[in-house]
Amino acid sequence: MIRKLTINDHDLVLSYLSEEPSINLFIIGDLEVFGYDSDFQEIWAEFDEHREIKAVLLRFYQSFIPYAKSEFNIAEFASIIASFPQPIFLSGKAEIVEKFEPFQELQLGKKQETFFAECKSIENLGETDLDIKKAGQDHIDQILSLRRSIDEFHLSDNAAEMLRTSMESNTARTYFTEEDGIMTACVSTTAENSISAMIVGVCTRKEYRRKGLATAIMQVLFKDVLNEGKVLCLFYDNPEAGRIYKRLGFNDIGKWTMYRK
């Protein structure tokens, strides 16, 4: 049986997700902040004959994240996803989301496979003398402008709205450097919840690269988040970036796959 969850299911679903808290930080964070009654977020679960959760599917705007620990009703979850307007974005633990590839009605976009890593300690973080600033909502346009300048980044049409909503709910923060009023590099968190935070949007303008700006921002941001008692998580697919993250204390814990137009 598959049904949409309500606030009455909160403890049950959190218990299910908390066995892999880093992998499920997006779902946990969104449920903690936005709950079960918003227009842009819904969550469904499949239950077994003992009324125990077998799998879940989260919708956040047009992004979908499935999670399961064993076999689940892939076809029914695919039908739910396909009922929403295109384009949709699908992401999650590699071995789970790849099961959706045969369903042509989903019109999955380009596949991107990344490593998933986490960091729990500040012991590998150095110091920086650079002036690192924390962005406010008045910096949203500059943040998105910088991200759009990066070829590898793909921003959705509602990126500004999503970033504003995340800032307002304290589930995202961005630290940055600037020169002559121009944002030169920035690093963000997203899906921050009571136990973890995802690092995203690590970017530097092309003309300011090879100066250690992003690394300096990460040193400050990482310390702030870790000192709050949270675990840091991130994706990477670039070996050079992976080496930097590992020097900063990250360890691989799995693979994450995304499909986007």
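Heads up: the structure comes first, above all this text.
This section reports on the structure supplied with the text.

Cut-offs applied
- Residues numbered from 1 in each chain as written.
- Predicted model: local features only at pLDDT ≥ 70, side-chain atom pairs only at ≥ 80, totals over all residues.
- Heavy atoms only, no water.
- Helix = DSSP H or I, 4+ residues; strand = E, 2+ residues; numbered from the N terminus.
- Rg over C-alpha atoms; globule rule 2.2 N^0.38 Å.
- Contact = heavy atoms within 4.5 Å.
- Axes fitted to C-alpha atoms, helices over the stretch in contact; angles between N-to-C directions.
- Parallel < 35°, antiparallel > 145°, perpendicular 65-115°, else oblique.
- Left-handed = near helix turned anticlockwise from the far one by under 90°.
- Buried < 20%, exposed > 50% of the residue type's maximum accessible area, 1.4 Å probe, protein only.
- Arc of directions from axis to C-beta.
- Pairing = 2+ DSSP bridges.

## Here we look at the overall build of the chain
If you tally the helices and strands in the chain, you get eight helices and twelve strands. Its C-alpha atoms give the chain a radius of gyration of 19 Å, near enough to 18 Å, the size a compact globule of 261 residues would have. C-alpha extents for the chain along the principal axes are approximately 60 × 35 × 35 Å. Sequence separation of 24 or more characterises 67% of the internal contacts of the chain that already satisfy a separation of 6 or more.

## Looking at the packing of helix 1 (residues 10–17) against helix 2 (residues 25–34)
Contact geometry of helix 1 with helix 2 gives a least axis separation of 10 Å together with a crossing angle of 160 degrees. When the axes of helix 1 and helix 2 are compared, the pair comes out roughly antiparallel. Along this stretch, helix 1 crosses helix 2, giving a crossing that reads as left-handed. On the side of helix 1, the interface is formed by His10, Val13, Leu14 and Leu17, while helix 2 contributes Ile27, Ile28 and Leu31.

## Remarks on the side chain of His139
One can find His139 in the loop between strand 7 (133–134) and helix 5 (140–148). Each residue touching His139, except ones within four places of it in the same chain, is listed here: Phe176 and Met183.

## Quick look at the side chain of Lys93
Looking at the element boundaries, Lys93 is found in strand 5 (residues 89–93). Residue contacts for Lys93: discarding those within four places in its chain leaves Glu20, Ile23, Lys255 and Trp256.

## Some words on helix 3 (residues 74–82)
Every buried residue of helix 3 is listed here: Ile74, Phe77, Ala78, Ile80 and Ile81. Seen from one end, helix 3 has its buried residues packed into an arc of 155 degrees, which puts them on one side. The secondary structure elements touched by the buried residues of helix 3 are strand 1 (2–4), strand 2 (41–47), strand 3 (53–60), strand 4 (63–68) and strand 5.

## Observations concerning helix 5
Along an α-helix, residues three or four apart share an orientation, since each turn contains 3.6 residues. Among the residues of helix 5, Ile140, Ile143, Leu144, Leu146 and Arg147 are the ones counted as buried. On an axial view of helix 5, the arc spanned by its buried residues comes to 160 degrees, and they lie on one face. For helix 5, the exposed residues lying more than 90 degrees away from the buried face are Asp141 and Arg148. On the buried face of helix 5, the contacting elements are helix 6 (159–168), strand 8 (174–179), strand 9 (182–190) and strand 10 (196–204).

## Thoughts on the sheet that holds strand 12 (residues 251–260)
Read across the open sheet, the twelve strands follow the order 1-2-3-4-5-12-6-11-10-9-8-7; overall the sheet is mixed. Each of the sheet's edge strands pairs with one partner strand only, and the pair in question is strand 1 and strand 7. As defined by bridge partners, strand 10 adjoins strand 11 (residues 231–236) across four bridges and the pair is classed as parallel. Counted as the bridge partner of Ile199 is Leu234 from strand 11. Here helix 3 sits on the sheet and contacts strand 1, strand 2, strand 3, strand 4 and strand 5; the angle it forms with strand 3, its principal contact strand, is near 15 degrees.

Purely spatial values, then, with no claim about function.
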